[in-house]
Amino acid sequence: MTVDLEEWYHPEYVRDKTSSLKEERIQQSLKITLSLLNEYNLNATFFVVGKLVERRPEIIEKIRENNHEIAFHGYYHKPLWSLEASVLRSEIEKFNSLIGEKCRGFRAPSFSLNDRTKWALKTLESCGFEYDSSLFPAKTPLYGVWDAPTTPYKPSQSNIVEEDENAKLWEFPLLVYRLKGVSLPVAGGFYLRFFPASLVARAIKKLNRQGFPAVIFFHNWELDPETPRLRLGLYKYFVTYHKLRETPKKLKHLLSKFEFISVRDYIENYT
Ligand SMILES: [Zn+2]
């Protein structure tokens with residue numbers, strides 16, 4: 001189970017629309033998130049946006065107190081396609097010094113890891129990361145590598161969809177459900193809200209039966225009933241806010257049906 005910890009104004013279709021006056025919701029939405037996870041007594045991985053920690057260092061303590069894992073979700077939530085290796089490296093160094101340890105896991109904002117941004121694998125490996133969880137083995141208007149493996153593997157730095165046994169960095173692809181040759185990206189966000197919970201459960205079961213974990217994610221702002229809603233175009237509004245109020249119900253359904261752990265605990269116990 002993974003949480004992308006960010007503000008309501010960080011998502012791709014929202015970030016350019018916000019003015020300089022942005023209401024801060026992180027404290028409330030983090031509290032709701034932690035209490036949901038506590039209710040089901042599980043440890044999750046939190047992919048955290050660095051800037052939030054710079055402003056509110058207590059976020060880290062709150063996550064650690066509950067025994068969840070801290071991982072990195074970019075310093076300013078900029079997708080990899082707008083960065084370069086040296087910038088990513090300095091973002092990582094800044095984040096590591098904020099949290100006081102070497103971070104082990106990364107999730108690219110907007111799942112922006114693909115063939116064009118595979119340079120990031122080398123940067124992550126050289127900064128001591130053990131795993132990445134940014135690949136969506138599906139095709140969506142914004143992201144996705146449709147022919148990537150759907151189970152954990154060590155990607156080659158020259159061909160992201162190929163396994164390289166000598167590589168150090170693990171990739172934990174996000175959950176997809178293959179239906180009639182099409183991959184549905186059911187792991188979280190809009191797609192988790194859009195598809196019925198039974199379909200997501202079927203996708204998890206299918207992977208578990210083969211002996212593999214399913215990587216699920218949600219955003220803290222998806223649980224916050226007071227997340228501000230901006231006027232966006234029809235499509236962008238739909239993708240960002242569709243069935244937002246149903247997120248807690250959907251997650252509770254999955255949390256009661258399956259056992260979830262953090263990526264750190266998975267690596268320590270199963271790889
Ligand atoms: Zn994000």
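These remarks concern the structure in this document. Keep in mind that this is a model prediction, so the values were computed, not measured.

Here the focus is helix H9 (residues 247–257). For H9, the set of buried residues is Thr247, Lys250, Leu251, Leu254 and Leu255. Buried residues of H9 fall within an arc of 130° about the axis and therefore sit on the same side. Looking at H9, the residues exposed on the side facing more than 90 degrees away from the buried face are Lys249 and Ser256. Each element contacted by the buried residues of H9 is listed here: helix H1 (26–39), helix H6 (189–194), helix H7 (197–209) and strand S9 (217–219).

Here the zinc ion is held by the protein donor atoms Glu6 (OE), His73 (NE2) and His77 (NE2), which lie 2.0 to 2.1 Å from it. Accessibility expressed as a relative area gives 2% for Glu6, which makes it buried.

Let's shift gears to the environment of Asp4. Counting through the fold element by element, Asp4 comes out in strand S1 (residues 2–5). Spatially, the C-alpha atoms of Asp4 and Ala167 are 26 Å apart, while their sequence positions differ by 163 residues. Once residues within four sequence positions are removed from consideration, Asp4 is found in contact with Phe47, His73, Arg107, Phe111, Phe217, Phe218, His219 and Asn220.

In this structure, Leu42 sits in the loop between H1 and strand S2 (45–48). With a relative accessible area of 7%, Leu42 lands in the buried category. Separated by 213 residues in sequence, Leu42 and Leu255 have C-alpha atoms that sit 9.0 Å apart. Excluding residues within four positions of it along the chain, Leu42 makes contact with Met1, Leu37, His68, Leu255 and Phe260.

Computed from the structure, the largest pocket encloses a volume of approximately 400 Å³. Lining the largest pocket are 17 residues, with Pro213, Ala214, Glu259, Ile261 and Tyr266 positioned closest to its centre. Counting only elements with at least two residues in the lining of the largest pocket, the list comes to H7 and helix H10 (263–270). Of the residues forming the lining of the largest pocket, the biggest block, 3 residues, is contributed by H10. Taken together, the residues of the lining of the largest pocket sort by class into 13 nonpolar, 3 polar and 1 charged. Of the voids in this model, the second largest pocket is the one considered here, and its volume is about 200 Å³. Taken together, 10 residues line the second largest pocket, and the ones lying closest to its centre are Tyr9, His10, Arg15, Lys22 and Tyr76. Class assignment of the residues belonging to the lining of the second largest pocket gives a composition of 2 nonpolar, 3 polar and 5 charged.

Thresholds applied
Residues numbered from 1 in each chain as written. Predicted model: local features only at pLDDT ≥ 70, side-chain atom pairs only at ≥ 80, totals over all residues. Heavy atoms only, no water. Buried < 20%, exposed > 50% of the residue type's maximum accessible area, 1.4 Å probe, protein only. Helix = DSSP H or I, 4+ residues; strand = E, 2+ residues; numbered from the N terminus. Arc of directions from axis to C-beta. Contact = heavy atoms within 4.5 Å. Donors = N, O, S within 2.8 Å, 3.2 Å for Na, K, Ca; no water. 1 Å grid on protein atoms, 1.4 Å probe; cavity = no way out; pocket = protein on both sides within 12 Å on 5 of 7 lines; lining within 4 Å. Points joined across faces, edges and corners; volume = space filled by probe spheres on them. Nonpolar A, V, L, I, M, F, W, Y, C, P; charged D, E, K, R; others polar.

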